[in-house]
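# Structural overview
Below are the chains, spelled out letter by letter.
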Amino acid sequence: MKKQFAIIGLGRFGTSICKELYHMGHEVLAIDKDEKKVEEANQFATHAIYADATDEASLIKIGIRNFEHVIVAIGEDIQASILCTLHLKDLDVPKVWVKAQNSYHHKVLEKIGADRIFHPEKDMGNRIAEFLTSEKVLDY
Ligand code: ATP
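Residues numbered from 1 in each chain as written. Predicted model: local features only at pLDDT ≥ 70, side-chain atom pairs only at ≥ 80, totals over all residues. Heavy atoms only, no water.

Take the side chain of Lys 99 next. Relative to the helices and strands, Lys 99 is located in strand S5 (residues 95-99). In this structure Lys 99 is buried but unpaired, with Glu 121 as the nearest side chain of opposite charge at 4.8 Å. Not counting residues within four places of it along the chain, the set of residues in contact with Lys 99 comprises Phe 13, Val 72, Ala 73, Ile 74, Gly 75, Ser 81, His 105, Leu 109, Phe 118 and Pro 120. (Helix = DSSP H or I, 4+ residues; strand = E, 2+ residues; numbered from the N terminus. Buried < 20%, exposed > 50% of the residue type's maximum accessible area, 1.4 Å probe, protein only. Lys, Arg positive; Asp, Glu negative; His and termini not counted. Salt bridge = Lys/Arg side-chain N within 4 Å of Asp/Glu carboxyl O. Contact = heavy atoms within 4.5 Å.)

Now for the packing of aromatic side chains. Throughout the structure, instances matching the rule amount to two aromatic pairs. Here the basic side chain of Lys 19 rests over the ring of Phe 44, its NZ or CZ set 5.0 Å away from the ring centre. Directly above the aromatic system of Trp 97 lies the positively charged group of Arg 116, at a separation of 5.1 Å from the ring centroid. (Phe/Tyr/Trp six-rings, centres within 6.5 Å; stacked < 30°, edge-to-face > 60°. Lys NZ or Arg CZ within 6 Å of the ring centre and 35° of its normal.)

This part is about the layout of surface pockets. Once rolled over the atoms, a probe with the size of a water molecule shows which space is left empty. Its boundaries defined by the atoms lining it, the largest pocket holds a volume of some 570 Å³. In terms of lining, the largest pocket is formed by 26 residues, of which the most central are Gly 11, Ala 73, Ile 74, Gly 75 and Glu 76. When contributions to the lining of the largest pocket are tallied by element, the ones reaching two or more residues are helix H1 (12-23), strand S2 (27-32) and helix H6 (120-133). When residues of the lining of the largest pocket are assigned to their parent elements, the largest contribution, three residues, is made by H1. Tallied by class, residues from the lining of the largest pocket come to ten nonpolar, six polar and ten charged. Quantified by volume, the second largest pocket comes out at close to 350 Å³. Taken together, 14 residues line the second largest pocket, and the ones lying closest to its centre are Phe 13, Ile 17, Phe 118, Asp 123 and Arg 127. Where the lining of the second largest pocket is concerned, the elements lending two or more residues are H1, strand S4 (69-72), strand S6 (116-118) and H6. In terms of residue class, the lining of the second largest pocket is built from nine nonpolar, two polar and three charged. (1 Å grid on protein atoms, 1.4 Å probe; cavity = no way out; pocket = protein on both sides within 12 Å on 5 of 7 lines; lining within 4 Å. Points joined across faces, edges and corners; volume = space filled by probe spheres on them. Nonpolar A, V, L, I, M, F, W, Y, C, P; charged D, E, K, R; others polar.)

What follows is the structure, given as C-alpha cells:
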C-alpha cells in the first residue's frame, strides 16, 4: 500500500531514506533549507521543497500536518533538529522519527516526544558486529 512520508534534511541519511521510499513507490516530500539539495531531490522525491524547518509557519504552509509520518534527518545542527521536532509534535504529527547526534540530543528528543530516535552510525555498527558474529556468516 502506498504511504506518504516527509523527510526533513537531505544529508546522506535523509537522502538515502528518501530514495529508498520513493523507489518503493511511496509518496515522499523532501525538505531542506539548501536550495541545491532541493533541486537534486527532485529526481528522487515526489515533491521537493525549500524551507527552514525551524520555522513553524513554514512547516504549516508546507502542509506538514497532513503527514502521518515525518523523518527529521538534520544532523549537525542539534538546535535545529530539536526545534523542528518540537514544532512537529506541537502540530500533532503522529509519527516523528529523528536522527540523534549524541546521548544528550537523544535525551532531549525523548523529552519532547520524538516517537523514534536513530543513531545511524551506532545502529549500523551494532548490526555489522552482530552479522560478523552470526553463525550464518561463513568463515573465510
Ligand atoms: P549526513 O551524515 O546524513 O550526511 P549530517 O549529519 O552531516 O548528515 P547535516 O549535513 O548537518 O547532517 O544536515 C543534513 C541536512 O539538513 C543538510 O542538507 C542541511 O541543509 C539540512 N538542514 C539543516 N538545518 C535545516 C533546517 N533548519 N531546515 C531544513 N533543513 C535543514
